[in-house]
Amino acid sequence: KMLEMMAENDDVYIAENVLSKQLGLLYPSECNSKKMGSLWVQEAVLTGKAVSFKRPKMKAKLICLQGQLDNATSPFSPDDMATVEEEEFIEKLLWEAGDHVSRKQVIEALESTFEGMKTPVARTRVFLNGQANSRFFLAKGFSGQNFWVDLRTSLRCAE
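The rules behind each value
Along each chain, numbering runs from 1 in the same order as the chain's sequence is written. Confidence filtering applies because this is a predicted model: local features only for residues at pLDDT of at least 70, side-chain atom pairs given and counted only at 80 or more, and all residues used for totals across whole chains, interfaces and linings. Excluding hydrogens and water, the side-chain values take into account all heavy atoms of the structure. Note on definitions: angles span 0 to 180 degrees between N-to-C directions of axes, and those axes are lines fitted to C-alpha atoms, for helices only across the stretch in contact. The helix count covers DSSP runs of H or I at least four residues long, the strand count covers runs of E at least two residues long, and both are numbered beginning at the N terminus. Angular relationships are summarised with four words: roughly parallel below 35 degrees, roughly antiparallel beyond 145, roughly perpendicular across 65 to 115, and oblique for the angles in between. Each crossing is labelled by how the near helix is turned from the far one, with a counterclockwise turn of less than a right angle marking it left-handed and a clockwise turn marking it right-handed. Whether two residues are in contact is decided by their heavy atoms, any of which lying within 4.5 Å being enough. Ten residue types, Ala, Val, Leu, Ile, Met, Phe, Trp, Tyr, Cys and Pro, are classed as nonpolar, four, Asp, Glu, Lys and Arg, as charged, and the remainder, Gly among them, as polar. Whether two strands pair comes down to DSSP finding at least two bridges between them. In the cavity and pocket records, a cavity denotes points on a 1 Å grid over the protein atoms alone where a 1.4 Å probe fits but cannot get out, a pocket denotes an open set with protein on both sides within 12 Å along at least 5 of 7 lines, and lining residues are residues with an atom within 4 Å of a point. Grid points are joined across faces, edges and corners, and a volume is the space filled by probe spheres set on the points. N or O atoms within 3.5 Å of each other form a polar contact, as long as, within protein, one can give a hydrogen and the other can take it, and as long as residues adjacent in sequence are counted only when both atoms are side-chain atoms. Note on classification: 1.4 Å probe, protein chains only; a residue is buried when its accessible area is under 20% of the maximum for its type, exposed when over 50%, partly exposed between these limits. The salt bridge criterion pairs a side-chain nitrogen of Lys or Arg with a carboxyl oxygen of Asp or Glu, the two atoms within 4 Å.

Novice: Explain the packing of helix α5 (residues 84–97) against helix α6 (residues 103–113) to me, please; I cannot follow it from the model alone.
Specialist: Helix packing geometry: the angle between the two helix axes and the distance between the axes. Running from amino to carboxyl end, α5 crosses α6 at an angle of 130 degrees, the nearest separation of the two axes being 11 Å. Here α5 lies oblique to α6, going by the angle between them. Crossing hand, α5 versus α6: right-handed. Contacts between α5 and α6 pair Glu86, Phe89, Ile90 and Leu93 from the former with Val106, Ala109, Leu110 and Thr113 from the latter. Here the residues of the contact of α5 with α6 are counted per class, giving 6 nonpolar, 1 polar and 1 charged.

Novice: How do you make sense of the sheet that holds strand β3 (residues 62–65) when you look at a structure like this?
Specialist: The pairing of strands in a sheet happens through backbone hydrogen bonds and is either parallel or antiparallel. Judged by pairing direction, the sheet is antiparallel, and its 3 strands sit side by side in the order β1-β3-β2 without closing on themselves. The two strands at the open ends of the sheet, each matched to only one other strand, are β1 (14–15) and β2 (50–53). Looking at chain direction, β1 and β3 are connected through 2 bridges and run antiparallel. Within the sheet, the bridge partner assigned to Ala15 lies in β3 and is Leu62.

Novice: Help me understand the layout of surface pockets, please; the structure alone is not making it clear to me.
Specialist: Rolled over the atoms, a probe with the dimensions of a water molecule shows which regions are left empty. Of the pockets and cavities examined, the second largest pocket occupies roughly 390 Å³. What lines the second largest pocket is a set of 16 residues, and nearest its centre among them are Lys1, Leu3, Trp40, Ala44 and Lys49. Broken down by element, the lining of the second largest pocket gets its largest block of residues, 4 residues, from helix α3 (residues 34–46). Classifying every residue of the lining of the second largest pocket gives 11 nonpolar, 1 polar and 4 charged.

Novice: Help me out: how do you make sense of the environment of Ser112 in this one?
Specialist: Topologically, Ser112 is positioned in helix α6. Of note is the side chain of Ser112, whose polar atom sits 3.2 Å from the backbone oxygen of Ala109.

Novice: How should I be thinking about the packing of helix α2 (residues 16–26) against α3 in this particular structure?
Specialist: Running from amino to carboxyl end, α2 crosses α3 at an angle of 115 degrees, the nearest separation of the two axes being 8 Å. In terms of axis orientation, α2 runs roughly perpendicular to α3. The hand of the α2/α3 crossing is right-handed. Across the interface between the two elements, Glu16, Asn17, Leu19, Ser20 and Leu23 of α2 pack against Lys34, Gly37, Ser38, Trp40, Val41 and Gln42 of α3. Among the residues forming the contact of α2 with α3, the class breakdown is 4 nonpolar, 5 polar and 2 charged.

Novice: Explanation requested: the environment of Thr124 in the structure shown.
Specialist: Mapped onto the elements, Thr124 comes out in helix α7 (residues 120–132). On the accessibility criterion, Thr124 (25% relative accessible area) is partly exposed. In this structure the C-alpha to C-alpha distance between Thr124 and Ala60, which are 64 residues apart in sequence, comes to 20 Å. Apart from residues lying up to four places away in sequence, Thr124 is in contact with Asp10 and Arg103.

Novice: Help me out: how do you make sense of the pattern of salt bridges in this one?
Specialist: Side chains that carry opposite charge are capable of pairing whenever their charged atoms lie near each other. Following the criterion strictly, the structure yields 9 salt bridges and no others. Between Glu88 and Arg135 there is a salt bridge, with its nearest N and O atoms 3.8 Å apart. With Glu88 in helix α5 and Arg135 in the loop between α7 and β5 (136–141), the pair connects residues that are 47 residues apart, well separated along the chain. For Glu88, a relative accessible area of 42% puts it in the partly exposed group. Across the salt bridge formed by Lys92 and Glu96, the nearest N and O atoms sit 3.9 Å from each other. Placement of the pair is Lys92 and Glu96 together in helix α5, with a separation of 4 residues, close to one helical turn. Among the ionic contacts, a cluster of salt bridges with common partners joins Glu87, Glu88, Glu91 and Arg135.

It is worth stressing that arrangement in space is one thing and function is another; only the former is reported here.
Take a look at the structure:
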C-alpha cells in the first residue's frame, strides 16, 4: 500500500531499511519493530508484490513495486539537464492555483504538456532543479505531497 502511494508520486523506490522503519510508524500495533518491518518487506518480495534491487554506487538495498522496476532501474537524468521551461510551467501552475498543488496534479500536468516528461526520472530532475533554483518547494506530509511557490524568490523578482 505504501509503495503504491509512493509510486503515484514518482517515488518509485525506497531503501529497504527506511521502508521497514516507515512501516513501523504507519502500523505501530501490527509492525512494532524494525525487524518486523523487515520481515514484512521480505514477504512482499517473496510473494512477488515487490522487488529488491541495487543501483550502481548505492550501498542500500532498494525496494519497488514489481511494475515499477523499469522506472526504478532506469538511468538518472544528467544534472545539467535543461528544465527551465518545465520549471516555469510549474511555477505558473502554482500561481494560478493560488495556494499549492498536489504532486499528482503536477505530474499529470507535466505528462500532458511536455513530451519529454513521460518518465519519473525526467520529472524528478525538474523537481530537483526547480527547488535548487528556488522556484518552488515540495512539502511531504501525512496529507500528501504538495508543491508551493517559493515566495522569497518570487518577491525578489517582483521588486
